[in-house]
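Structural description and commentary
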Amino acid sequence: MTGPPLPKRIYLSPPHMGPAERALLLDAFDSNWIAPLGPHVDAFEREFCETVDVPHAAALSSGTAALHLALLMLGVGPGDEVLVSTFTFAATANAVTYLAAKPVFIDSDRETWNMDPGLMEEELAECSRRGKLPKAVVAVDLYGQCADYDRILAVCGRYGVPVVEDAAEALGAAYKGKPAGSFGAAAAFSFNGNKIITTSGGGMFVSSDRSLVERARHLATQARDPAPHYQHSAVGYNYRMSNLLAAVGRGQLRVLRDRVSRKREIFRFYRRALGDLPGISFMPISGYGEPNHWLTCILVDPARFGATREEIRLALERENIESRPLWKPMHLQPVFKDCRVRGGSVSEGIFREGLCLPSGSNLTDQELERIIRGIVHTACRPSA
Ligand SMILES: Cc1ncc(COP(=O)(O)O)c(C=O)c1O
């Protein structure tokens, strides 16, 4: 026996394409530049630089590749330590291990969920006492909210440790009026399918240091030396972005502002509808910046709300609505169980109670109301 048909599936953060992307993709196709180089790659890099107000950029096959190259450029190598936000997606820490270096995890600041600058400072002080400073710090702009760069850069500057900004989730956000991605020695962006703009898969390495970006571009192209034959003086990677995908990225950049304003509206919509419910709170928004609200995230206190975040997730799933727990902190991941962590209880609490709500910029107000009904209903009947 089959039940009634399910309502239309609502996804967490699906791609949102328009006519400009289609036209540019067809232009790339018709020009026969079907390669990891070409005019759309060059133009995407130029236009991206204007968007994030950083002078140099290299378009890559993923955000993870951008993080890997950033750390490589900063000289991270075997046996080195790199301080990393524990509350992040695995790619941030994985990039460190690609270089046979070790991540050291730093807990979140309760007020922003990003790397706690105070704990980072404590760790740097202890590393300095032990006589081995980390080779770099990777701060993450989580769920589209920038880390506190004034504090992070001031402390790291004192110790002479460079900062990489993992801005994979934060394109279109700002910190004290400056765009995400413009802090630190280099920054990485992602155009993975779930990001605020996407090329299906892709990334961008940006820096104000021209030589870093030129070297990154060289290494991303199999480190091919300028010679008519194939000659290589270094080990390279196949990390460049395809011209077809860069064309899609150019179209997406044109609508970035609209995407960000819709994400901000969605956040406000949820907050109006759910903000007064007992036991529900939202990701704290710092006074120093403007998040892009890539995903709207809530915390659920089960004692006050009457249901756990998992009960809400399962109830939404029965309504064909996708939601997802927040990132599981890296220090709790089996693969990183041997790594050092400073603090940890803040991100553990956020993980235990946190849920990402559907936040696609193409969600309609009616769909938002359907999601909200699903959440409110769970409070009354948690195990229904
Ligand atoms: C914080 C963070 N860092 C890095 C990445 C890796 O980006 P990509 O999937 O493009 O490799 C992602 C997302 O996928 C991310 O959310």
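Use the structure listed above.
The following refers to the structure shown. Predicted model, so just to flag it, every value in this text is computed and none were measured. Chains are numbered independently. Their residues run from 1 in the order of the written sequence. Local features are withheld for residues below a pLDDT of 70 in this predicted model, meaning they are given only at 70 or higher, and side-chain atom pairs are given and counted only at 80 or more; totals for whole chains, interfaces and linings count all residues. Side-chain metrics rest on all non-hydrogen atoms present in the structure, leaving aside hydrogens and water.

Description of helix H12 (residues 345–353)
All of the buried residues along H12 are Val 346, Ser 347, Gly 349 and Ile 350. Projected down its long axis, H12 carries its buried residues within an arc of 160 degrees, all on one side. Among the exposed residues of H12, those oriented more than 90 degrees off its buried face are Ser 345 and Arg 352. Those residues of H12 that are buried lie in contact with strand S12 (296–300) and strand S15 (354–357). A simple rule labels every residue: compare its accessible area, found with a 1.4 Å probe on the protein chains alone, to the largest value its type can have, and call it buried under 20%, exposed over 50%, or partly exposed in between. Starting at the N terminus, helices and strands are each numbered in turn, a helix being any DSSP run of H or I of at least four residues and a strand any DSSP run of E of at least two. What the arc measures is the spread of directions leading from the helix axis to the C-beta atoms. Contacts are assigned to residue pairs that have any heavy atoms within 4.5 Å of one another.

A look at the pattern of salt bridges
Whenever a carboxyl oxygen of Asp or Glu lies within 4 Å of a side-chain nitrogen of Lys or Arg, that contact is scored as a salt bridge. According to the stated counting rule, one finds 20 salt bridges in the structure shown. When the shortest N-O distance is used, the salt bridge between Glu 45 and Arg 217 registers 3.2 Å. Taken as a pair, Glu 45 in helix H2 (residues 39–52) and Arg 217 in helix H7 (residues 210–220) lie far apart in primary sequence, 172 residues in all. The exposure class assigned to Glu 45 is buried, which follows from its relative accessible area of 7%. Exposure remark for Arg 217: the relative accessible area of 25% places this residue in the partly exposed category. A salt bridge links Arg 342 to Glu 126; its shortest N-O distance comes to 2.8 Å. In this pair, Arg 342 is assigned in strand S14 (residues 341–342) and Glu 126 in helix H5 (residues 117–130), connecting sequence segments 216 residues apart. In this structure Glu 126 comes out as partly exposed when scored by relative accessible area, which is 28%. Connected via shared salt-bridge partners are Glu 81, Glu 122, Glu 123, Glu 126, Arg 130, Arg 340 and Arg 342.

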